[in-house]
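One-letter residues, chain by chain:
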Amino acid sequence: MSHLLAGSIKELNGLGKIKIIERMNELQVILNGEKSSDSEVRSWEKSLCLFIQLLSRNGFDNLHLIAEYSLTADRRIDAILLGNDHNNQPLALIVELKQWSELGENYENQISDVNVRIGQDYVYRLHPVVQ
C-alpha cells in the first residue's frame, strides 16, 4: 500500500498548493513511473488543497492527513484523517472528495449511481460508498 502525500494539516497547509502538487507528482513518478494526468492535478488543486486549507482554518492543524492512499492498482482513497478531535477522542475518517455542486433527482432509478451537477451539466456518477 502506498500514498502520495502525508503530514499534519499544519505542515501541509504551510507548504501551499504548489509544493503539495509537486510533492504528489514526484511520488507518483517514483511509485508508478509516470506523472499524474492534468485532470488529476486539477482535482488536487480544486479539492484536496482546499480541503487542507479548510481543516486548518477550522482548528484541525493537529490532525494527520494521508492523501491518495492506494487500495489496489487502480483504486485510491482521496484522504484519510487521523488524530484526536477537539474533545481528545480518537478520530479516523475516510474522505472521498467530490467536485459536485448539487445532487439531482434519480430519474433513471439507478441503484449505485447518483445524478450530480458538475458545472452546468447533470451526469450519473458512481456513489462514493460504492467506490
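Here, every reference points to the structure presented above.
To start, this report covers the structure provided alongside it. Just so it is clear, the structure is predicted and the values come from calculations on it, not from any experiment. (Residues numbered from 1 in each chain as written. Predicted model: local features only at pLDDT ≥ 70, side-chain atom pairs only at ≥ 80, totals over all residues. Heavy atoms only, no water.)

Let's talk about helix H1 (residues 9–32)
Where we set the bar: Numbered from the N terminus, helices here are DSSP runs of H or I no shorter than four residues, and strands are runs of E no shorter than two. Multiply 1.5 Å by the residue count of a helix minus one, and that product is the helix's expected span. Two axes define the bend at a residue: one fitted to the seven residues ending there, one fitted to the seven starting there, and the bend is the angle between them. Burial classification: accessible surface area is computed with a 1.4 Å probe over protein chains only, and a residue below 20% of its type maximum counts as buried, one above 50% as exposed, and the rest as partly exposed. Here, residues are in contact when the closest pair of their heavy atoms is within 4.5 Å.
A rise of 1.5 Å per residue sets the reference length of H1, with its 24 residues, at 34 Å; its end C-alpha atoms lie only 25 Å apart and thus fall more than 12% short of the reference. Largest kink in H1: about 110°, centred on Gly16. Taken as a whole, H1 has its buried residues at Ile9, Leu12, Ile20, Ile21, Met24, Asn25 and Gln28. Buried residues belonging to H1 abut strand S1 (5–8), helix H2 (38–57), strand S2 (64–70) and strand S3 (76–84). A positive backbone phi angle near 75° is found at Gly33, which sits one or two residues after H1.

Looking at unusual backbone geometry
In this structure, Glu68 is a non-glycine residue whose phi angle is positive, near 55°. Here Glu68 shows up in strand S2. Non-glycine residue Asn88 carries a positive phi angle of around 65°. Tracing the chain through its elements places Asn88 in the loop between S3 and strand S4 (90–95). Taking the relative accessible area as the measure of exposure, Asn88 reaches 56% and is therefore exposed.

Section: H2
With 20 residues, H2 should cover 28 Å at 1.5 Å per step; its first-to-last C-alpha distance of 28 Å lies within 8% of that length. Maximal helix bending in H2 amounts to about 35°, located at Trp44. Of the residues making up H2, those classed as buried are Glu40, Val41, Trp44, Ser47, Leu48, Cys49, Phe51, Ile52, Leu55 and Ser56. Packed against the buried residues of H2 are S1, H1, S2, S3 and S4.

Focus: the packing of H1 against H2
Note the threshold: Angles run from 0 to 180 degrees between N-to-C directions of axes, and those axes are lines fitted to C-alpha atoms, restricted for helices to the stretch in contact. When describing relative orientation, an angle under 35 degrees is termed roughly parallel and one over 145 degrees roughly antiparallel, while 65 to 115 degrees is termed roughly perpendicular and anything else oblique. With the far helix as reference, a near helix turned anticlockwise by less than a right angle produces a left-handed crossing, and one turned clockwise produces a right-handed crossing.
Taken N-terminus to C-terminus, the directions of H1 and H2 make an angle of 160°; their axes are 9 Å apart at the nearest point. With respect to H2, the element H1 is oriented roughly antiparallel. Of the two possible hands of crossing, H1 and H2 adopt the one that is right-handed. Residues Ile9, Leu12, Asn13, Lys17, Ile20, Ile21, Met24, Asn25 and Gln28 of H1 touch H2, and the partners they reach there are Glu40, Val41, Trp44, Glu45, Leu48, Cys49, Ile52, Gln53, Leu55 and Ser56.

Thoughts on the sheet that holds strand S7 (residues 121–126)
Selection criterion: One requirement defines pairing of two strands: DSSP has to find at least two bridges between them.
The strand order across the open sheet built from three strands is S5-S6-S7, with neighbouring strands paired in antiparallel fashion. Of all strands in the sheet, those with a lone pairing partner are strand S5 (102–103) and S7, marking the two edges.

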